[in-house]
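Observations on the three-dimensional arrangement
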Amino acid sequence: MRRKLAAGNWKMNGTNASLTELTALASAHPTPGCDILICPPATLLSRAADIVPEQIAIGGQDCHAQESGAHTGDISAGMVADAGAQFVILGHSERREDHKESDANIRQKVYAAIAAGLKTVVCVGETLDERDAHNTLEIIGGQMAGSIPDHMTGENLVVAYEPVWAIGTGKVPTLDQIGEVHDFIRARLERRFGEGVGRSTRILYGGSVKASNAAQIFAVSNVDGALVGGASLSAADFSPIITALENA
């Protein structure tokens, strides 16, 4: 059985004062019926890892492909792990766009993360133009093939489907559209890695997930949880999403 995963991506938000949201979240879910992951900015990684109880995992939002070196402002996978993180998000559409990350770049980062003992959340997703051109599955398939290395397992790989046009916009694909992509991702994972890995790898949906639509999204085929942005910044907003996943 795949254990459901509620992941929060704080993006470039949060200061030391924000860590009270983590303790509030832990208090609201002392024995959660799903896995909970929070990915704060790098400045908060070690402090977050120090204060959260074991039922909440901490993750980074990116890592460099190299172990060390002259890369000012970057953080290696080993540094992310050393700060107390267990996961790292890679290939988020904002990184692909803002930093011009290619599938090949992301693939190298995944290699580095696995070598450092981190679990990876690899993001894929189409733009609105690609959706309108009916190229969604082709785009997703290409991103998976290019960004995800061989020999991954259900333990170290999570795939997050985030349609670019739904992130932070309030727009959400129809449930049929979400299901089509998640079923496609599952089939591609099984075909490439075998039935065991393909069925054990968790697939998350991300893009304007909130308490009011979470239950419907979590009822869709092959949706194993969510990668949540803005709503994860507040325990009061994220907690109902976690509860909906626990009840899915």
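Residues numbered from 1 in each chain as written. Predicted model: local features only at pLDDT ≥ 70, side-chain atom pairs only at ≥ 80, totals over all residues. Heavy atoms only, no water.

1. Some details on the nonpolar core
To be explicit about the condition: Among buried residues, the Ala, Val, Leu, Ile, Met, Phe, Trp, Tyr and Cys ones that are joined through side-chain atoms within 4.5 Å form a nonpolar core. Burial classes: relative accessible area under 20% of the type maximum marks a residue as buried, over 50% as exposed, and values in between as partly exposed (1.4 Å probe, protein chains only). The contact criterion used throughout is that any non-hydrogen atoms of two residues lie within 4.5 Å.
In terms of nonpolar packing, the biggest core is built from 62 residues, with Ile185 and Phe218 touching the most fellow members. Not counting residues up to four positions away in its chain, the partners in contact with Ile185 are Val124, Ile140, Met144, Val159, Tyr161 and Ile203. Counting 13 residues, the second largest nonpolar core, distinct from the first, contains Leu5, Leu37, Cys39 and Ala160.

2. Overview of the layout of surface pockets
The method is simple in principle: a probe with the dimensions of a water molecule rolls over the atoms, and the space it marks as empty is what remains. Note the threshold: Only protein atoms enter the 1 Å grid used here. Points where a 1.4 Å probe fits but cannot escape make up a cavity, open sets with protein on both sides within 12 Å along at least five of seven lines make up a pocket, and a residue lines them when an atom lies within 4 Å of a point. Grid points are joined across faces, edges and corners, and a volume is the space filled by probe spheres set on the points. In this description a helix means any DSSP run of H or I spanning at least four residues, a strand means any run of E spanning at least two, and both kinds are numbered starting from the N terminus. Each residue gets one label: Ala, Val, Leu, Ile, Met, Phe, Trp, Tyr, Cys and Pro are nonpolar, Asp, Glu, Lys and Arg are charged, and the others, such as Gly, are polar.
There is about 620 Å³ of room inside the largest pocket. Looking at the largest pocket, it is lined by 23 residues, and the ones nearest its centre are Lys11, Gln61, Asp62, Arg95 and His99. When residues of the lining of the largest pocket are assigned to their parent elements, the largest contribution, three residues, is made by helix α4 (residues 93-98). Residue composition of the lining of the largest pocket, grouped by class: nine nonpolar, eight polar and six charged. What the second largest pocket holds in volume is close to 290 Å³. Looking at the second largest pocket, it is lined by 19 residues, and the ones nearest its centre are Arg3, Asp35, Phe87, Lys119 and Arg202. Contributing elements (two or more residues each) for the lining of the second largest pocket: β2 (35-39) and β3 (56-60). The element best represented in the lining of the second largest pocket is β2, accounting for three residues.

3. A look at the state of the cysteines
A disulfide bridge is the covalent bond that connects two cysteines by way of their sulfur atoms. As a reminder of what qualifies: Cysteine sulfur atoms are paired as a disulfide whenever they come within 2.5 Å of each other.
One pass over the full model with this rule turns up zero disulfides. In this structure Cys63 is not part of a disulfide, and its nearest cysteine sulfur, from Cys39, lies 12 Å away.

4. Regarding helix α7 (residues 136-147)
In plain terms, the rule: Helices are assigned an expected span. That span is 1.5 Å times one less than the residue count. As used here, the arc is the angular range of directions from the helix axis to the C-beta atoms.
Its twelve residues place the ends of α7 16 Å apart at the C-alpha level, agreeing with the 16 Å of an ideal helix rising 1.5 Å per residue. Burial in α7 covers these residues: Thr136, Ile140, Gly141, Gln143, Met144 and Ser147. Down the axis, α7 shows its buried residues gathered within 165° of arc, on one side only. Where α7 is buried, its residues touch α4, α5 (103-115), β5 (119-124), α6 (128-132), β6 (157-161) and α8 (175-193).

5. A closer look at the pairing of β6
We apply this condition: Should DSSP find at least two bridges between two strands, the strands are regarded as paired.
With respect to burial, β6 is a largely interior element, five of its five residues being buried. Of the two faces of β6, both are covered, the one formed by Leu157, Val159 and Tyr161 as well as the one formed by Val158 and Ala160. Direction of pairing for β5 relative to β6: parallel, over a ladder of five bridges. Pairing of Val121 across the sheet is with Val158, part of β6. Bridge count between β6 and strand β7 (residues 202-205): four bridges; the pairing is parallel. The residue of β7 that forms the bridge with Val158 is Arg202.

6. Topic: the pattern of salt bridges
To be explicit about the condition: Whenever a carboxyl oxygen of Asp or Glu lies within 4 Å of a side-chain nitrogen of Lys or Arg, that contact is scored as a salt bridge.
The final tally for this structure, using the stated rule, is 15 salt bridges. Taking the shortest distance from any N to any O, the salt bridge between Asp35 and Arg202 comes out at 2.8 Å. Placement of Asp35 in strand β2 and of Arg202 in strand β7 is noted, with a sequence separation of 167 residues between them. We note a salt bridge from Asp103 to Arg96, for which the minimum N-O separation is 2.6 Å. Under the relative-accessibility criterion, Asp103 is labelled partly exposed at 22%. Members of the salt-bridge network, linked through shared partners, are Asp62, Arg95, Glu101 and Lys109.

7. Notes on empty space enclosed by the protein
Counted under the stated rule, the structure contains one cavity of 30 Å³ or more. If you trace the largest cavity, you find it lined by Trp10, Glu21, Leu22, Leu25, Ile38, Ser232, Ser234, Ala235 and Phe238. Every element with two or more residues in the lining of the largest cavity is listed here: α1 (20-28) and α11 (235-246). When residues in the lining of the largest cavity are grouped by element, the largest group, three residues, is from α1.

8. Overview of the packing of α7 against α8
This is how it is decided: Interaxial angles span 0 to 180 degrees and are taken between N-to-C directions of axes, which are lines fitted to C-alpha atoms, for helices over the stretch in contact. In this scheme, a crossing is called left-handed if the near helix is turned counterclockwise away from the far one by less than a right angle; it is called right-handed if the turn is clockwise.
Where α7 meets α8, the axes come as close as 11 Å, and the angle between the chain directions of the two elements is 35°. In this structure, α7 meets α8 at a crossing whose hand is right-handed. Mapping the contact onto sequence places Thr136, Leu137, Ile140, Gly141, Met144 and Ala145 in α7 and Glu180, Val181, Phe184, Ile185, Arg188, Leu189 and Arg192 in α8. Partitioning the contact of α7 with α8 into residue classes produces eight nonpolar, two polar and three charged.

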